[in-house]
Amino acid sequence: MDLIVAADNNWAIGRENELLIRIPEDMKYFRRLTEKNVVVMGRKTLESFPGGKALPNRVNIVLTRQSGYDGKGAVVVHNEEELRTELENYREKQIFIIGGESIYRLLLPFCEKAYVTCLDYMYEADTWMPDLDKAEGWVLEEVGEEQTCFDLIYHFNIYRNTSPLPF
């Protein structure tokens, strides 16, 4: 299992249930990595998508405590045990954790890699990702080439979890 996220210099990832910024190349990167694979998210992340609908060409799994939640095309699970059981059906696919904050925090210890679009800026935010530069067991494995979108500098970096995975 891996995660994918765009985070600023303070590891902020969102504000008012929206991304901090939409960068076309980042969207293409996300799509290229996640298409034909499995994406795991929380309810608020699903609801932030157009029409609150599942992403096309992927298996969408939503983890929510709300019973009877309509995932609009996504598989809905209600706890970690249900999630693990559901993920057993997709061993041949790559699984990506795509947010939000509580889902990243919950599932980070189970991830092998983190694909992080590092935004060289500090945004006003209300949602953060754990700081992988300070997180125990995480190392920066690859720094992507410098990219720009107008005056914003960003990199597609890859972090690796060196801790033993708990499964």
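Student: What am I meant to see in the environment of Thr148 here?
Tutor: By the element assignment, Thr148 lies in strand 11 (residues 147-149). In sequence terms Thr148 and Ile23 are 125 residues apart; their C-alpha atoms lie 9.3 Å from each other. Each residue touching Thr148, except ones within four places of it in the same chain, is listed here: Ile153 and Tyr154.

Student: Quick question: what am I supposed to make of the side chain of Asp2 here?
Tutor: Tracing the backbone through its elements, the reader meets Asp2 in strand 1 (residues 2-7). The side chain of Asp2 is buried and forms no salt bridge, while Lys113, the nearest opposite charge, is found at 6.9 Å. Among the polar contacts listed, one links the side chain of Asp2 to the side chain of Gln94, at a separation of 2.7 Å. Engagement of the side chain of Asp2 in a polar contact is seen with the backbone nitrogen of Lys113, the distance being 3.0 Å. If we skip the residues at most four places from it in the chain, Asp2 touches Gln94, Ile95, Phe96, Ile97, Cys111, Glu112, Lys113 and Tyr115.

Student: Help me understand the sheet that holds strand 3 (residues 18-19), please; the structure alone is not making it clear to me.
Tutor: Within a sheet, each strand pairs with its neighbour through backbone hydrogen bonds, oriented either parallel or antiparallel. One open sheet holds the 3 strands; their spatial order is 3-2-9, and the pairing between them is antiparallel. Every other strand in the sheet has two partners, leaving strand 3 and strand 9 (127-128) as the edge strands with one partner each.

Student: Help me understand the packing of aromatic side chains, please; the structure alone is not making it clear to me.
Tutor: Centre-to-centre distance and the angle between the planes together describe a pair of aromatic rings. As enumerated under the stated definition, the model contains 5 aromatic pairs in all. Their ring planes at 70° and their centres at 5.7 Å tell us that Trp11 and Tyr159 sit as a pair that is edge-to-face. Here Trp11, found in the loop between strand 1 and strand 2 (12-15), pairs with Tyr159, found in strand 12 (residues 152-161); they are 148 residues apart in sequence, far enough to count as distant. What makes Trp11 buried here is its relative accessible area of 5%. Taken together, a centroid distance of 5.5 Å and an interplanar angle of 75° make the contact between Tyr154 and Phe156 edge-to-face. Summarising the burial analysis for this pair, Tyr154 and Phe156 share the class buried. A network of ring pairs unites the aromatic residues Tyr29, Tyr154 and Phe156 as a single cluster.

Student: Looking at this structure, I do not really get the pairing of strand 12. What am I missing?
Tutor: For a regular strand, side-chain orientation follows a simple rule: the groups alternate between the two sheet faces. Among the 10 residues of strand 12, 7 are classified as buried, and the element is accordingly described as predominantly covered. Bridge count for strand 10 (residues 138-142) against strand 12 is 4 bridges, and the pairing is antiparallel. Within the sheet, the bridge partner assigned to Leu140 lies in strand 12 and is Tyr159. Looking at chain direction, strand 11 and strand 12 are connected through 3 bridges and run antiparallel. Residue pairing in the sheet places Thr148 in a bridge with Ile153 of strand 12.

So, how was this worked out
- Residues numbered from 1 in each chain as written.
- Predicted model: local features only at pLDDT ≥ 70, side-chain atom pairs only at ≥ 80, totals over all residues.
- Heavy atoms only, no water.
- Helix = DSSP H or I, 4+ residues; strand = E, 2+ residues; numbered from the N terminus.
- Contact = heavy atoms within 4.5 Å.
- Buried < 20%, exposed > 50% of the residue type's maximum accessible area, 1.4 Å probe, protein only.
- Lys, Arg positive; Asp, Glu negative; His and termini not counted.
- Salt bridge = Lys/Arg side-chain N within 4 Å of Asp/Glu carboxyl O.
- Polar contact = N/O pair within 3.5 Å; in protein donor to acceptor, adjacent residues only side chain to side chain.
- Pairing = 2+ DSSP bridges.
- Phe/Tyr/Trp six-rings, centres within 6.5 Å; stacked < 30°, edge-to-face > 60°.

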